[in-house]
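Single-letter residue listing:
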Amino acid sequence: MKVLVVGQGGREHALLWKLKQSPLVDTIYCAPGNAGTAADGINVDIPDSDIPGLVQFAKDEQIDLTVVGPEAPLCAGLVDALNAEGLKAFGPNKAAAQLENSKVFTKRILRRANVPTAKYEQFDRAEAAMASLDTLEDGPVVVKADGLAAGKGAIVCKNHAEAKDAIKRILVDREFGDAGNELIIEECLVGQEASILAIVDGNTIIPLEASQDHKRALDGDLGPNTGGMGAYCPTPLITEEMMDEIVENVLVPTVHTMNTEDTPFRGILYAGLMLTETGPQVLEYNVRFGDPEAQPVLMRLKSDLAEILLAAAEGRLDQIEPLEWDERPAVCVVMASDGYPASYEKGRPITGIANADAEEDVKVFHAGTKLIGGEPHNNGGRVLGVTALGDNIFDAKRRAYEAVRKIRWEGAWCRKDISDKVRDLIEVDAPAES
């Protein structure tokens, strides 16, 4: 069959790479893609914001399945537009995508579903939000813009002074545009974070193996928040018993409540969880594969992804056999451009990718890259996701960083401690730092 992957980041390259392995897939396209998807598939020069263009391409090429990677086209209704033309697509429709598009909507669903989450209040006026803070004991809170803000709309504040500044940025200065028409103020939960991704067809839920992202820019979880500087899978944070608890107390009631709200969910339900002393609590929902979590998760998946996603799009996930996984863990290290997550230079040539890719059990997933003169150049803040399998988590880390050292461009950098959190979670004789 013909498959179209929509998007241009590391997540989309990982999806294309895994889908291409399916015997069901004859031809695979990526719109608009990057230098990596051009090597592993066929790039189509249509931006993911051009919904009419994407639908027309899918019609003209008789695409059998469109897999939508980023949240923006999902929230804009791409799946609705494809389905209206009788085309199959994997991902939620616009109404269901509100789980990511609106923090207020998500909190309402969580409350109705009785899913554990932080206490919160919502506001659309800065004066009311600040007055509410004055009634509370000073301390840490989280201020979140309601809508999509490119991963920057959740502001963790150490005290009320910082919270009031965040409120001003969102509701007065309009730093996040219409995404800041409303905001929520919620209690600051304490614990370890974990990412749970599940494939859903409206009724059946198939959880994927858990991963852990590294959001802060610098080693030791210091520095500003980013889109993610690396991830590993699986994480010992999520035991089999805890996964059962999460499915029962988080995923099932959420999917059921979405059905009762007449917004049935199909696609990837991504729960960002805080593992608190009282149990898992939902920080947020996303409605697509995480990036960079998708890279190590898909690196380990042995089942046919195309078969699974097609079944989800057709509402027959209950017919899918249990997923098969490579028992070896995977580590993804994000290589970024100097200056990220602030401003950075583009158009710098990258060398060594082929040498890194040639290493056993290593795959270099492209994110912010572009072909110039037939050679890859950096074209974004997060540029590559160097991902490796290993006999254990420490071996996977070693392999990933050995591959990282083979890649060069002016200003390239990465965190050096991706997956080191495992040392605090399991009792094992970890090797010395590489």
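Scroll up to find the structure this text is about.
From a predicted model like this one, the values you see are computed outputs, not experimental measurements.

Visitor: Help me understand the sheet that holds strand E16 (residues 266–276), please; the structure alone is not making it clear to me.
Guide: In any sheet, the strands associate via hydrogen bonds between backbone groups, in a parallel or an antiparallel arrangement. Taken together, 4 strands build an open sheet; the order of strands is E11-E10-E16-E17 and the sheet is antiparallel. Unpaired on one side and paired on the other, strand E11 (205–207) and strand E17 (279–286) mark the two borders of the sheet. Across the sheet, the mean angle separating the axes of adjacent strands is 35 degrees when strand polarity is ignored. Bridging between strand E10 (residues 192–201) and E16 involves 10 bridges; their strand directions are antiparallel.

Visitor: It is not clear to me how the nonpolar core should be interpreted in this structure. Could you clarify?
Guide: Inside soluble globular proteins, nonpolar side chains tend to come together where they are buried. Residues Leu 99, Ile 196, Ile 238 and Leu 251 are the most contacted members of the largest nonpolar core, which totals 50 residues. When residues of this core are assigned to their parent elements, the largest contribution, 6 residues, is made by helix H10 (residues 240–260). Ignoring anything within four residues of it in the chain, the contact list for Leu 251 reads Ile 196, Ala 198, Ile 205, Ile 246, Leu 269 and Ala 271.

Visitor: Help me out: how do you make sense of the sheet that holds strand E6 (residues 120–123) in this one?
Guide: Reading across from one edge, E6-E9-E7-E8 is the order of the 4 strands in this open sheet, with antiparallel pairing throughout. The open sheet has two edge strands, E6 and strand E8 (154–157), and neither has a second partner. Strand-to-strand, the axes of this sheet are offset by a mean angle of 20 degrees, without reference to chain direction. With 4 bridges joining them, E6 and strand E9 (residues 183–187) adopt antiparallel strand pairing. Paired with Phe 123 across the strands is Leu 183, a residue of E9. Helix H9 (residues 160–172) rests against strand E7 (141–145), E8 and E9 of the sheet, and its axis sits at about 5 degrees to E7.

Visitor: Can you help me understand the pattern of salt bridges in this one?
Guide: Pairing of side chains with opposite charge becomes possible as their charged atoms draw close. Scanning all chains against the criterion turns up 30 salt bridges. In this structure, Arg 328 engages Asp 326 in a salt bridge whose closest nitrogen and oxygen atoms are separated by 2.8 Å. The exposure class of Arg 328 is partly exposed, given its relative accessible area of 24%. For Glu 410, the salt bridge is made with Arg 348, and the minimal N-O distance between the two is 3.9 Å. Taken together, the positions of Glu 410 in the loop between helix H14 (393–404) and strand E23 (412–413) and Arg 348 in the loop between strand E18 (330–337) and helix H13 (353–357) put the pair 62 residues apart, joining distant regions of the chain. Within the structure, one salt-bridge network assembled from shared partners comprises Asp 221, Arg 415, Asp 417 and Lys 421.

Visitor: How should the pairing of strand E22 (residues 382–389) be read in this particular structure?
Guide: Taken residue by residue, a regular strand's side chains alternate between the two faces of the sheet. With 7 of 8 residues buried, E22 is to be regarded as a mostly interior element. The pairing of E18 with E22 spans 7 bridges and is antiparallel. Across the sheet, residue Ala 330 finds its bridge partner in E22, namely Leu 389. Pairing of strand E19 (residues 362–366) with E22, which is carried by 5 bridges, proceeds in the antiparallel orientation. When the bridges of E22 are listed, His 366 appears paired with Leu 384.

Visitor: I keep staring at helix H1 (residues 10–20) and nothing clicks. Help me out?
Guide: In an α-helix, one full turn covers 3.6 residues, which means residues spaced three or four apart are oriented alike. Extensive coverage of H1 is indicated by the burial of 10 of its 11 residues. When we look at burial in H1, the residues that qualify are Gly 10, Arg 11, Glu 12, His 13, Ala 14, Leu 15, Leu 16, Trp 17, Lys 18 and Leu 19.

Visitor: Explain the environment of Gln 192 to me, please; I cannot follow it from the model alone.
Guide: As for its placement among the helices and strands, Gln 192 is situated in strand E10. Gln 192 gets classed as partly exposed once you look at its relative accessible area, which sits at 27%. For Gln 192, the residues in contact, after removing those within four places along its chain, are Gln 212, Leu 237, Leu 273, Met 274, Leu 275, Lys 421 and Leu 425. Side-chain polar atoms of Gln 192 contact the side chain of Gln 212, separated by 3.1 Å.

Visitor: So what exactly am I meant to see when it comes to the side chain of Thr 226 here?
Guide: When you line up the elements, Thr 226 lands in the loop between strand E14 (222–225) and strand E15 (230–233). For Thr 226, a relative accessible area of 6% translates into the label buried. Looking at Thr 226, its side chain comes within polar contact range of the main-chain oxygen of Lys 215, at 2.7 Å. A distance of 2.8 Å separates the side chain of Thr 226 from the backbone nitrogen of Gly 228, its partner in a polar contact. When residues no more than four places from it in sequence are discounted, the contact partners of Thr 226 are His 214, Lys 215, Arg 216, Ala 217, Tyr 340 and Pro 341.

Parameters and conventions
- Residues numbered from 1 in each chain as written.
- Predicted model: local features only at pLDDT ≥ 70, side-chain atom pairs only at ≥ 80, totals over all residues.
- Heavy atoms only, no water.
- Pairing = 2+ DSSP bridges.
- Helix = DSSP H or I, 4+ residues; strand = E, 2+ residues; numbered from the N terminus.
- Axes fitted to C-alpha atoms, helices over the stretch in contact; angles between N-to-C directions.
- Core = buried A, V, L, I, M, F, W, Y, C linked by side-chain atoms within 4.5 Å.
- Buried < 20%, exposed > 50% of the residue type's maximum accessible area, 1.4 Å probe, protein only.
- Contact = heavy atoms within 4.5 Å.
- Salt bridge = Lys/Arg side-chain N within 4 Å of Asp/Glu carboxyl O.
- Polar contact = N/O pair within 3.5 Å; in protein donor to acceptor, adjacent residues only side chain to side chain.

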